[in-house]
Amino acid sequence: MIKAENYSLKEYNTFGFPAKANLFFEYDSVDQLKTFLRSAKGPFFHIGAGSNILFYKDFEGTVLHSAIGGIDVVKENSDYVLVRAGAGILMDDFVEYSVNHGYWGAENLSHIPGQVGASAVQNVGAYGVEAKDIIETVEAVDIRTLETRVFSNAECRFAYRFSAFKDEFKDRYAITHVTFRLGKKPNPILTNNALKQLFSDAKTLSLKEIRTAIVEIRDKKLPKVTELGSAGSFFKNPIVGKDVVDTLVKKYPSMPYFSAEKGFFKLSAGWLLETAGWRGYREGNVGVYDKHALILVHYGNGSGVEILSLVEKIQTSVMDKFGIGLEPEVIFV
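Residues numbered from 1 in each chain as written. Predicted model: local features only at pLDDT ≥ 70, side-chain atom pairs only at ≥ 80, totals over all residues. Heavy atoms only, no water.

Draft legend 1. Structural view of the environment of Glu306. Counting through the fold element by element, Glu306 comes out in helix H8 (residues 304-322). Take Glu306: its relative accessible area is 24%, and that puts it in the partly exposed class. Measuring from C-alpha to C-alpha, the distance between Glu306 and His111 comes to 27 Å, with 195 residues separating the pair along the chain. Setting aside residues no more than four positions away along its own chain, Glu306 makes contact with Glu283, Asn285, Val286 and Asn301. (Helix = DSSP H or I, 4+ residues; strand = E, 2+ residues; numbered from the N terminus. Buried < 20%, exposed > 50% of the residue type's maximum accessible area, 1.4 Å probe, protein only. Contact = heavy atoms within 4.5 Å.)

Draft legend 2. Expanded view of the nonpolar core. With 44 residues, the main nonpolar core has Phe94, Val138, Phe180 and Leu182 as its most contacted residues. Only strand S7 (80-86), helix H2 (91-100), helix H3 (116-122), strand S10 (135-142), strand S12 (173-183) and helix H5 (207-221) provide two or more residues apiece to this core. Counting 32 residues, the second-largest nonpolar core is a separate cluster that includes Leu267, Leu272, Leu273 and Trp278. (Core = buried A, V, L, I, M, F, W, Y, C linked by side-chain atoms within 4.5 Å.)

Draft legend 3. Quick peek at the packing of aromatic side chains. Here the structure, examined in full by the defined rule, presents 23 aromatic pairs. With a centroid separation of 6.1 Å and an interplanar angle of 20°, the aromatic rings of Phe25 and Tyr27 are classed as stacked. Taking 5.1 Å as the distance between ring centres and 65° as the angle between the ring planes, the aromatic pair formed by Phe234 and Phe235 counts as edge-to-face. Assessed through its relative accessible area of 1%, Phe235 is described here as buried. (Phe/Tyr/Trp six-rings, centres within 6.5 Å; stacked < 30°, edge-to-face > 60°.)

Draft legend 4. Just the layout of surface pockets, in detail. If you add up the space inside the second largest pocket, you get close to 830 Å³. Lining the second largest pocket are 35 residues, with Thr14, Pro223, Lys224, Val225 and Thr226 sitting closest to its centre. Elements with a minimum of two residues in the lining of the second largest pocket: H5, strand S13 (229-233) and strand S19 (295-298). Of the residues forming the lining of the second largest pocket, the biggest block, four residues, is contributed by S13. Tallied by class, the residues present in the lining of the second largest pocket amount to 14 nonpolar, 14 polar and seven charged. (1 Å grid on protein atoms, 1.4 Å probe; cavity = no way out; pocket = protein on both sides within 12 Å on 5 of 7 lines; lining within 4 Å. Points joined across faces, edges and corners; volume = space filled by probe spheres on them. Nonpolar A, V, L, I, M, F, W, Y, C, P; charged D, E, K, R; others polar.)

Draft legend 5. Expanded view of a nonpolar patch on the surface. A cluster of nonpolar side chains, contributed by Tyr56, Val305 and Phe332, occupies part of the molecular surface with about 250 Å² of accessible area. As for its placement among the helices and strands, Val305 is situated in helix H8. In this structure Val305 comes out as partly exposed when scored by relative accessible area, which is 47%. (Patch = residues over 30% accessible without salt bridge, like charges linked within 9 Å, V, L, I, M, F, W, Y side chains within 5 Å. Areas by Shrake-Rupley, 256 points an atom, 1.4 Å probe, with all protein chains shown as cover. Salt bridge = Lys/Arg side-chain N within 4 Å of Asp/Glu carboxyl O.)

Draft legend 6. Spatial organisation of the pattern of salt bridges. Applying the stated criterion to the full structure yields 17 salt bridges. Of the charged contacts in the structure, one is a salt bridge between Glu130 and Lys132, with a shortest N-O distance of 3.7 Å. Of the residues examined, Glu130 reaches a relative accessible area of 14% and is grouped as buried. On the basis of relative accessible area, Lys132 is assigned to the partly exposed category, the value being 25%. Residue Lys313 pairs with Glu283 through a salt bridge whose shortest N-O separation is 2.8 Å. One end of the pair, Lys313, is in helix H8; the other, Glu283, is in strand S17 (residues 282-283), with 30 residues separating them in the sequence. Look at Lys313 and you get partly exposed, because its relative accessible area is 38%.

Draft legend 7. Expanded view of H5. With 15 residues, H5 extends 22 Å from end C-alpha to end C-alpha; this agrees with the ideal 21 Å at 1.5 Å per step. Along H5, the positions that sit buried rather than exposed are Leu207, Ile210, Arg211, Ala213, Ile214, Val215 and Arg218. On its buried side, H5 packs onto H2, strand S8 (125-126) and helix H4 (193-198). (Expected span 1.5 Å × (residues − 1).)

Okay, here's the thing in structure tokens:
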């Protein structure tokens, strides 16, 4: 347990920007959290591994950080297993556990930074799989009443990079555990083009083969945050109507787009940025990664304000060129 005033958050955001919290509280059990909240004063902000956060100023309140661990099988049969994980577990550690135990469903989320609790808030996704596809329930403590509530998958209202914890439940609940439903029978998800091409000739695939491939792919195109500060994919892929796609394809025939829900289409934010000429751009202490245009990076000695300025320029550029508004995936604090 850690409880400290005027606490540095530099090690709690993968951009590595300097920021402080009036009060910082790290807990490793539900009881610790409830005991603290009985006498604590807000505002509160809950963080995980800080891999999806942009601190651009100090936080005038209390930052909560979960260190709740533990991974346990709570139910299983011949087809599936329910695995309950503490919110403070690193998501990639949970994926590794699942792969090592022969449980299918989480392997495509390999190497995604962040903690288990944050995966439910953000509905993280990669390579054709989202957290919502495997989440059974989410347990959380009501910060105001201290009551524990269990949310079903439907109650979480998952959508693309969205959940109810970013909307009506924002700043109200602290997630403590997430239970995942994983399969016991082989079920490789190879809808992603990179995986489809890589394994096009494979007759059988193991969990470890899929995980190893995804780790290698991500390592080639994403910077290590220990060497170069970043927050992963900075912008969401825009969701647009068919009329927008038709208009853009006439001008950019090679533009990639993908079917989304309810007749809408998903554009590639990375392609938009690449085509707009942003890959490799640098401005002072920050810039756009030279291997992936969707990654904004911090070279050191910078501040979140510099990223905010860069974001505004990028959004204006993409709007002017394509008529598309880019929405940040990263949370500004």
